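Architecture at a glance
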Amino acid sequence: MQTQPPKQAGILAAPNLDDDQVIGVVCGLRPCRRGGLRLEIEQRADIGKTILHNYGHGGSGVTLGFGTAVETADNAEQCLQDCEPIGVLGAGVVGLTSARELLLRGHRVRVYAEKRAKQTTSIIAGALWLPIGVEFGRSVSETEHFKRVLHASHSVFQQIDRERYGVEQMPIYEPAYALEEHRLFGNGTIAPGERLDLLPLAGPPRSGRVFRTDFIHTDQFLDALVDEIHELGGEFVYRVFEGIDDLGTLDERVLVNALALGSREIFGDDRVFPARGVLVHLKPQDLGYGVHDGFRYMFPRRSCLILGGCFLEDDWNDQPEDAIVDEILAHHRRFFGLG
Ligand SMILES: Cc1cc2nc3c(=O)[nH]c(=O)nc-3n(C[C@H](O)[C@H](O)[C@H](O)COP(=O)(O)OP(=O)(O)OC[C@H]3O[C@@H](n4cnc5c(N)ncnc54)[C@H](O)[C@@H]3O)c2cc1C
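Residues numbered from 1 in each chain as written. Predicted model: local features only at pLDDT ≥ 70, side-chain atom pairs only at ≥ 80, totals over all residues. Heavy atoms only, no water.

With respect to spatial proximity, 37 residues lie near the ligand, and among them Gly58, Gly61, Thr63, Lys115 and Ser122 are the closest. A distance of 2.8 Å separates an oxygen atom of the ligand from a polar backbone atom of Gly61. One nitrogen or oxygen atom from the main chain of Lys115 is found 2.8 Å from an oxygen atom belonging to the ligand. Bound to the protein, the ligand loses 93% of the 1,000 Å² it would expose on its own. Elements with a contribution of two residues or more to the shell around the ligand: strand S1 (22–33), helix H1 (61–79), helix H2 (93–104), helix H7 (262–266) and strand S11 (272–282). Residues that form the shell around the ligand fall into these classes: 18 nonpolar, 15 polar and four charged. (Near = heavy atom within 4 Å. Polar contact = N/O pair within 3.5 Å; in protein donor to acceptor, adjacent residues only side chain to side chain. Areas by Shrake-Rupley, 256 points an atom, 1.4 Å probe, with all protein chains shown as cover. Helix = DSSP H or I, 4+ residues; strand = E, 2+ residues; numbered from the N terminus. Nonpolar A, V, L, I, M, F, W, Y, C, P; charged D, E, K, R; others polar.)

Structure below.
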């Protein structure tokens, strides 16, 4: 049993991180790509299809999905003939946002995937609206392109029914020792953080920063996307693709590839790699704030309190192990002066 610190004036409520609060552990593989996002049109004469690639979102698929969907739908409009249906491969956040955008533009869409939305990596995402764990690009034109995608996504996040989609602004506290990634801020999407001599958090006194960004209750977000796709007339077909030839059998001539890590095998892209993350879920706690320190973070999802985590590149193990779980709990207990 951990000891809750006494409440202090001006200090936000501490989380309860007792063992009996733990309700589960999840492990997910972020679908990363060396060289960053792949958003391009590929003609595949071998299977008679036009492929619109949309993958490589790494640790930011929830953040970027609406933006990459806009560009993918623009690409689709260069390829589709009048009233021609389009297939979307993948039902994670990237496939779903692509399908939604295409449907909103009046296209007929069928989504093909092995796993349903709430069985994918996308359900594991915290999710903070923050472009981390993804390459911004190396050249000026690549980074400018990335920023356009970021802005397009940010703009859709302002337009959706945020209540329905489970999106809310939240203050996020970072200790001063946490790496400050300047490129994440001041680009018109997230305002730079405010410096604080004393973070209003339980535990050892320390300085830091606070910024505000969207927090996405991912379970509600994915439900809203699936519901909206149904309402707009989209269809879902659940099946596995064993190889590229399977795509040749689909009815649609134009396909969006949102297969994430699946793109490595199906499209032979060896730049695709996983970054493993483990998260501990605790009973829900209505804290109203988050803590961020690289991949060590705490987010109060409505259905559970999330403690992270790690970012282990090229690790394909999708099962959590006790040592990592113990380390995550110990880290957060130390941070809040518990125990
Ligand atoms: C621990 C963790 C924390 C994260 N936190 C955040 C965060 O705070 N903010 C944020 O923005 N992002 C976060 N992410 C990243 C985010 O979850 C991913 O970027 C996002 O889920 C990628 O979505 P996707 O649709 O590309 O892939 P997925 O969700 O993996 O979906 C891929 C789809 O393709 C299908 N598929 C693949 N191969 C095949 C095949 N051969 N046949 C048939 N179907 C196939 C799958 O079944 C699935 O439907 C986090 C991820 C992890 C693991």
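Still more ground to cover, so stick around.
Moving on to the packing of aromatic side chains. Overall, the coordinates contain 15 aromatic pairs when judged by the stated rule. Geometrically, the ring pair formed by Phe157 and Phe221 is stacked, given 5.8 Å between the ring centres and 5 degrees between the ring planes. In this pair, Phe157 is assigned in helix H3 (residues 140–159) and Phe221 in helix H5 (residues 218–231), connecting sequence segments 64 residues apart. Each member of the pair, Phe157 as well as Phe221, carries the same accessibility label: buried. (Phe/Tyr/Trp six-rings, centres within 6.5 Å; stacked < 30°, edge-to-face > 60°. Buried < 20%, exposed > 50% of the residue type's maximum accessible area, 1.4 Å probe, protein only.)

A separate point is helix H8 (residues 322–335). Compared with an ideal rise of 1.5 Å per residue, which puts 14 residues at 20 Å, H8 spans 20 Å between its outermost C-alpha atoms and is within 8% of the ideal. Among the residues of H8, Ile324, Val325, Ile328, Leu329, His331, His332, Arg333 and Phe335 are the ones counted as buried. Just past H8, the residue Gly337 takes up positive phi, approximately 65 degrees. (Expected span 1.5 Å × (residues − 1).)

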